[in-house]
Each structure stands twice: as C-alpha cells, then as structure tokens.
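# Geometric and topological summary
Each chain, written out:
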Amino acid sequence: MAEHGGDAGLSGGIRRSRLSEYVDMAGHESTPAPAPNSPNTPSLPEHSLSFTPAAQAALPDTDAVARRRREFAAALGQFRRRRVLVPYGDSGAALTVELQGVRWLLAFTDEWALARYARARGESDRRWPYRMVWGAAVLDAGVAAVAGAAGLPCGVLVDAGDGERGLVLPPVTGIVPEAVAVDRPHAATELGTEGGRS
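The rules behind each value
- Residues numbered from 1 in each chain as written.
- Predicted model: local features only at pLDDT ≥ 70, side-chain atom pairs only at ≥ 80, totals over all residues.
- Heavy atoms only, no water.
- Helix = DSSP H or I, 4+ residues; strand = E, 2+ residues; numbered from the N terminus.
- Buried < 20%, exposed > 50% of the residue type's maximum accessible area, 1.4 Å probe, protein only.
- Contact = heavy atoms within 4.5 Å.
- Areas by Shrake-Rupley, 256 points an atom, 1.4 Å probe, with all protein chains shown as cover.
- Expected span 1.5 Å × (residues − 1).
- Arc of directions from axis to C-beta.
- Phe/Tyr/Trp six-rings, centres within 6.5 Å; stacked < 30°, edge-to-face > 60°.
- Pairing = 2+ DSSP bridges.
- Axes fitted to C-alpha atoms, helices over the stretch in contact; angles between N-to-C directions.
- Core = buried A, V, L, I, M, F, W, Y, C linked by side-chain atoms within 4.5 Å.
- Parallel < 35°, antiparallel > 145°, perpendicular 65-115°, else oblique.
- Nonpolar A, V, L, I, M, F, W, Y, C, P; charged D, E, K, R; others polar.
- Salt bridge = Lys/Arg side-chain N within 4 Å of Asp/Glu carboxyl O.

Before going further, it helps to examine the overall build of the chain. Across its full length, the chain carries six helices and seven strands. Helices and strands in the chain line up, N terminus first, as β-α-α-α-β-β-β-α-β-α-β-β-α. Taken across its 198 residues, the chain has 45% of its residues classed as buried. The long-range share in the chain, meaning contacts at least 24 apart out of those at least 6 apart in sequence, stands at 75%. Surface exposure of the chain reaches about 9800 Å², of which carbon and sulfur atoms provide 51%.

Below, the structure is given as structure tokens:
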C-alpha cells in the first residue's frame, strides 16, 4: 500500500536512529503494533476510543466519566505542547496505518517508544528516519495534509507499540481541525458524495 501524508506544516530536521540499542534496554514486553501502511493491521481495541467527545457525550454524566474527560483533555493538551517523533518512509511521507476506514499518523513521545514499536514489528534492526515536531503541528497541519492526500479521515496514534499505554487521537472536532473532522456539520453528506465518486 502506498504511503500517504507528508510534512506539510511540520518543522524540524530528519534524524535517523538505529533502534536496536534502545530495544535491548527497553526492559518490557510490547504488545503487537500495527504495521505502517499494511492492509492487514489489527482493529483498534474498543476501549481506545472511549475518550472521544462523541462517545463520552452519549454516556451518563457521572463522576467517573467526568474524570476520564479531564484525563483525556490533559493528555491532549500535553501532546499538543510537546515535541514528538514522527517517523518517515523512504518516500519522505509520514508513516501511517489504515484501520477501520481511517488513516492514522504515527507519533512517538521519545525514541524508547519508537524502539518498542520497531521491536513489536520485528524491525528493530533497521534505521527509522524521523522528524521531531510539535504535537500541535501534527494535529493542526499533519492531519489535514494526510487527510487531503488520502481522501480519508485522519487521526493520530501516539506510541502505537505501547498498547493501552498509548493514546488514540481520533479525527473529531476539538482534536483535529474542524475542516477534516468526521463529526463536523455535513460530514456524512460529504463522505457519501466522495464515496459515490470512487
């Protein structure tokens, strides 16, 4: 499957890191990670999307739900304010995976997290080029660039090799730009129109 996306709106130089040395020091087992641009990637675990605004709006306003909303808002804010690693393929496009009709940009909080992903893929012995960019740039510019190129909604998987410790940032308003959010007004009509053209 061809790679999609690119570095529109993303800043920072490309670095290359041999991750095998990090893998040797990682010190814990990784859960299976989705392969970049593979048609046979696993489904997202059901709990991964439990923090999305749409899902939470349908739940009773209990203390537990309110706490989870606060936790997700804090995690989202922290992601936007930090520099993260975005790996790139040979073509120079940001690595993505396609799951359930959504394209997901891969982002990692540090080289250790990228190493765990590489180990889960069985690819820790090769070099992984990446750029360090602000999380806000990934969400505001990178997502829009990938969505435009792929013709699919685009979200962000943070630390994809870490299972439940990772973070899923789905393509909904409040997380990605409204113009590419799946829950924006008229989104269903637009997607139906695009589907009719394919």
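Okay, helix 3 (residues 63-81) next. Note on helix geometry: an α-helix contains 3.6 residues per turn, so any two residues three or four positions apart are oriented the same way. With 19 residues, helix 3 extends 27 Å between its outermost C-alpha atoms, agreeing within 8% with the 27 Å of an ideal straight helix rising 1.5 Å per residue. Where helix 3 is concerned, the buried positions are V65, F72, L76, G77 and F79. Within helix 3, the buried residues cover an arc of 160° as seen down the axis, which keeps them to one side. Facing away from the buried side of helix 3 by more than 90 degrees, the exposed set consists of D63, R70 and R81.

This part is about the packing of aromatic side chains. Enumeration over the complete set of coordinates arrives at two aromatic pairs. For the pair F108 and Y117, a centre-to-centre distance of 5.3 Å together with 55° between the ring planes defines the contact as tilted. The same class applies to F108 and to Y117, which are both buried. Ring centres 5.8 Å apart and planes at 80° place the aromatic pair Y117 and W128 in the edge-to-face group.

Across a sheet, paired strands are connected by hydrogen bonds in the backbone, their directions being either parallel or antiparallel. A sheet is described by the order of its strands in space; here four strands give the open sequence 3-4-6-7, paired in mixed fashion. Where the open sheet ends on each side, the last strands, each with one partner, are strand 3 (96-99) and strand 7 (167-169). Averaged over all adjacent pairs, the angle separating strand axes in this sheet is 30°, with direction ignored. Looking at chain direction, strand 6 (residues 154-158) and strand 7 are connected through three bridges and run antiparallel. Within strand 7, the residue paired with V156 across the bridge is L169. Across the sheet, helix 3 lies against strand 4 (102-107), strand 6 and strand 7, angled at about 85° from strand 7, the strand it touches most.

This brings us to the nonpolar core. In terms of nonpolar packing, the biggest core is built from 25 residues, with F79, L139, V156 and L169 touching the most fellow members. Here this core takes five residues from helix 5 (residues 135-150), the largest share from any one element. With near-sequence residues (within four places) excluded, L139 lies in contact with L76, F79, R80, V156, L169, I175, V176 and P177. Counting residues in hydrophobic clusters, the runner-up holds 17 residues, among them L99, F108, W128 and L157.

Another point: the packing of helix 3 against helix 5. One way to put it is that helix 3 packs onto helix 5 with a least axis distance of 4 Å and a crossing angle of 95°. As the angle between them shows, helix 3 and helix 5 are arranged roughly perpendicular. Listed contacts from helix 5 to L76, F79 and R80 of helix 3 are G135, A136, V138, L139 and D140. Along the lines of polarity and charge, the residues of the contact of helix 3 with helix 5 split into five nonpolar, one polar and two charged.

The final tally for this structure, using the stated rule, is five salt bridges. We note a salt bridge from R80 to D140, for which the minimum N-O separation is 2.8 Å. Within this pair, whereas R80 is found in helix 3, its partner D140 is found in helix 5, the two being separated by 60 residues in sequence. Here E123 makes a salt bridge to R126, at a shortest N to O gap of 3.2 Å. Taking relative accessible area as the criterion, R126 reaches 32% and is therefore assigned partly exposed.

In short, shape yes, function no, at least from these values alone.
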